[in-house]
Amino acid sequence: MVFPTDENVIVGLDRADDAGVYRISDDLALIQTVDFFTPIVDDPYWFGQIAAANALSDVYAMGGTPKTAMNLVGFPIKSMDIGILRQIIQGGVDKLTEASTVLIGGHSIEDKELKYGLSVTGFVHPARVLTKKNLQAGDQLILTKPLGTGIINTAIKGGLASDELIDTVTRLMATLNRDAAEVMMNFPVHACTDVTGFGLLGHLAEMVAGSGLGVHIQANRVPILKEALEYAAMGLIPAGMYKNRKFREYMVDFSTSVDILIQDVLFDPQTSGGLLICVAQDSSKDLLYRLKEKGILWAEIIGEVRTEPKEKIKII
Amino acid sequence: MKKDIDARGLSCPAPVLQTKAAIDSESPVLIEVLVDNEAARQNVSRFLKSQKYQVSEKRNGSDYCISGKREGEAVMQKKAPEISKSQDAKIMVMVTTDRIGHGDDELGAKLMTAFLKTLKEIGRELWRLVFLNNGVKLTVDGAKDLVSLEELEKSGITILVCGTCLDHFKLLEKKKVGETTNMLDIVTSMQLADKVINI
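Residues numbered from 1 in each chain as written. Chains lettered and ligands numbered in written order. Predicted model: local features only at pLDDT ≥ 70, side-chain atom pairs only at ≥ 80, totals over all residues. Heavy atoms only, no water.

*Asks:* I'd love a proper account of the nonpolar core, names of residues and values included.
*Replies:* One broad trend across soluble globular proteins is that nonpolar side chains are buried collectively. Residue and element names in this part refer to chain A. Grouped together as the largest cluster of nonpolar side chains are 122 residues, with contacts concentrated most on L200, L204, I313 and I315. Sorting elements by how many residues they give to this core places helix α1 (residues 44-61) first, with ten residues. Every residue in contact with L204, bar those within four places of it in the chain, is listed here: L141, V215, I217, L276 and I313. (Core = buried A, V, L, I, M, F, W, Y, C linked by side-chain atoms within 4.5 Å. Buried < 20%, exposed > 50% of the residue type's maximum accessible area, 1.4 Å probe, protein only. Helix = DSSP H or I, 4+ residues; strand = E, 2+ residues; numbered from the N terminus. Contact = heavy atoms within 4.5 Å.)

Structure follows, in structure tokens:
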């Protein structure tokens, strides 16, 4: 399919990225993104927060600052108490307020299944747009949130997760990527994305495709929620993980020492996951230090960009 | 006793949960689970293995039949099995001295040599080594245990060396192994580690 475009489209549909970017003037571009989904946690207020953090994340991943947002709601008004919707929207609004973003509208329809999400618009300088492209040999890769939320959400759906774990994961998913993005702005970052439905390796595959370069990941450096490994061993794995693996495994070379459970977590679809930052080698330790100083304690350098294997990911 | 479960038409995690419920309540010796998608096949198969069943699979058109067989007296295992040790624990070792223990210094130094040489036996759980105070002297030019430390670093273990301490002993330029670090990194490491061993 061919999509209409014009000379002011900086990032459009032709290159799958986190959000679209459109130049308004020489020093201002608009970032636009939309995301919505069915509930992933039982608590409506927290679901609202997570949906908002997730939608805002795409703007942060593009190097921008979110400014305005609109609600998207599908609600089974005949079978569900409207108070639930109020709590969801309150959660969304509170998260937007934390992100200094204003809610200026929205639209709701009747739906058999509850859905909530937002369309978010942000600003960025046209020369400072961060995309998934532009990897350079030697760059270091930093991940700012641990993996495993997809598997743990599956265990939560199955009623197998403890209240404590539900609380940890909920807070993690509701955490804005704003602080990480603000820290990253002061460093020579070459590329960035946020880790969501395709899992870490799916998103890395998008970064490495067409780059002419390869990525090396050190499995034991990747931050992972321990419980995800336990649940993966029990087969509490979302179908999305198997899809992600099937779709991208031809690009991934696992060393034999990488446990199958860890492989699963590396392909696990994430909700409101962390930023995957590709930074110039000599700045990586400083950036990591500043991220931790800002309270982003899960952040780790997980690997690096090399010239080989071309357009593949090697996991050791 | 054989238990049959038809989990066709169900998406994950429902097939695993049905299987789990059957095992929890009846603990069957034989169990057969019918599923109709790839994710459910792999998940149910994994779950049965985690519960110590011997698993075999048969394909029937677009359906899969997963059979599990358990030794009669095998004990039900309710918890997930131990995960391989690559990821589940992070052990951090803090070395604040260049010799082990008090008493004879010569013996203490020998013990340290043996300690650093043997440390790798912890295996993949060994995550970070932090050198503080007199410990930093083990990381500088001429230190006799450098080889052991370099080997550890090569195997992927992070070695952090206290910058303030190196500076205090005027050894900043002489450090041969590891990354110079600060107290924030050390404190953060302690927080992230599952176990901190203090020498």
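*Asks:* Tell me about the pattern of salt bridges, and name the residues and values.
*Replies:* All names here are of chain A. A complete count under the given rule lists 28 salt bridges over all chains for this structure. K132 is paired through a salt bridge with D18; the nearest N and O atoms lie 3.7 Å apart. Here the residue K132 occupies a position in the loop between β6 (115-124) and β7 (140-143), and D18 occupies one in the loop between β1 (9-11) and β2 (20-25), the gap between them amounting to 114 residues. Side by side, K132 and D18 carry an identical accessibility label, which is buried. A salt bridge links R171 to D167; the nearest nitrogen and oxygen atoms lie 3.1 Å apart. One end of the pair is R171 and the other is D167, both in helix α4 (residues 163-174) and four residues apart, which spans about a single turn. Accessibility expressed as a relative area gives 45% for R171, which makes it partly exposed. (Salt bridge = Lys/Arg side-chain N within 4 Å of Asp/Glu carboxyl O.)

*Asks:* Could you give me a rundown of the interface of chain A and chain B, with the residues and numbers involved?
*Replies:* Counting residues at the interface gives 33 residues for chain A, matched by 32 residues for chain B. In this assembly, chain A packs against chain B so that about 2,800 Å² is buried in total across both faces, 58% of it on carbon and sulfur atoms. On the chain A side of the contact with chain B, N220, M234 and Y242 of chain A bury the most area, a combined 22% of that side's loss. Scanning the region where chain A abuts chain B turns up nine residue pairs in polar contact (both at pLDDT 80 or more). By residue number, the principal contributor to the side of chain A that touches chain B is helix α7 (residues 226-233) of chain A, which donates five residues. Along the lines of polarity and charge, the residues of the side of chain A that touches chain B split into 17 nonpolar, six polar and ten charged. (Buried area = accessible area lost by both parts, 1.4 Å probe. Polar contact = N/O pair within 3.5 Å; in protein donor to acceptor, adjacent residues only side chain to side chain. Nonpolar A, V, L, I, M, F, W, Y, C, P; charged D, E, K, R; others polar.)

*Asks:* Can you lay out the state of the cysteines for me, pointing to particular residues and giving the numbers?
*Replies:* Going through the model one piece at a time under the given rule, you end up with one disulfide over all chains. Each disulfide pairs two cysteine sulfurs, and for C162 of chain B the partner residue is C165 of chain B, the sulfurs being separated by 2.4 Å. Its S-S torsion of approximately 80° makes the covalent link between C162 of chain B and C165 of chain B right-handed. For the pair shown, C162 of chain B and C165 of chain B are each scored as buried. Cysteine C192 of chain A shares no disulfide, and the gap to the nearest cysteine sulfur, in C278 of chain A, comes to 9.3 Å. Among the residues examined, C192 of chain A registers a relative accessible area of 0% and is labelled buried. Looking at C65 of chain B, it has no disulfide partner, and the nearest cysteine sulfur is the one in C12 of chain B, 17 Å off. A relative accessible area of 11% means that C65 of chain B is categorised as buried. (Disulfide = S-S within 2.5 Å.)

*Asks:* Now, about the side chain of T113 of chain B: what can you tell me, with residues and values included?
*Replies:* One can find T113 of chain B in helix α3 (residues 105-118). A polar atom in the side chain of T113 of chain B sits 3.0 Å from the side chain of D145 of chain B.

*Asks:* Pulling in residues and values, what's your account of the packing of α1 of chain A against helix α2 (residues 82-98) of chain A?
*Replies:* Residue and element names in this part refer to chain A. At a minimum axis distance of 7 Å, the contact between α1 and α2 shows a crossing angle of 40°. Judged on the interaxial angle alone, α2 and α1 are oblique. Between α1 and α2 lies a crossing of right-handed hand. Residues P44, Y45, F47, G48, Q49, A52, A53 and L56 of α1 touch α2, and the partners they reach there are I84, Q87, I88, Q90, G91, G92, D94, K95 and L96. Residues belonging to the contact of α1 with α2 are distributed by class as follows: nine nonpolar, six polar and two charged. (Axes fitted to C-alpha atoms, helices over the stretch in contact; angles between N-to-C directions. Parallel < 35°, antiparallel > 145°, perpendicular 65-115°, else oblique. Left-handed = near helix turned anticlockwise from the far one by under 90°.)

*Asks:* Describe helix α8 (residues 239-248) of chain A, listing the residues and the values that go with them.
*Replies:* Buried residues of α8 of chain A: M241, Y242, N244, R245 and R248 of chain A, and no others. For α8 of chain A, the angular spread of buried residues about the axis comes to 160°, placing them on one side. Residues of α8 of chain A that are exposed and point more than 90 degrees away from the buried face comprise K243, K246 and F247 of chain A. On its buried face, α8 of chain A sits against α6 (199-208), β10 (252-254) and α9 (260-267) of chain A together with α2 (38-50) of chain B. (Arc of directions from axis to C-beta.)

Read these as spatial facts, not as claims about activity.
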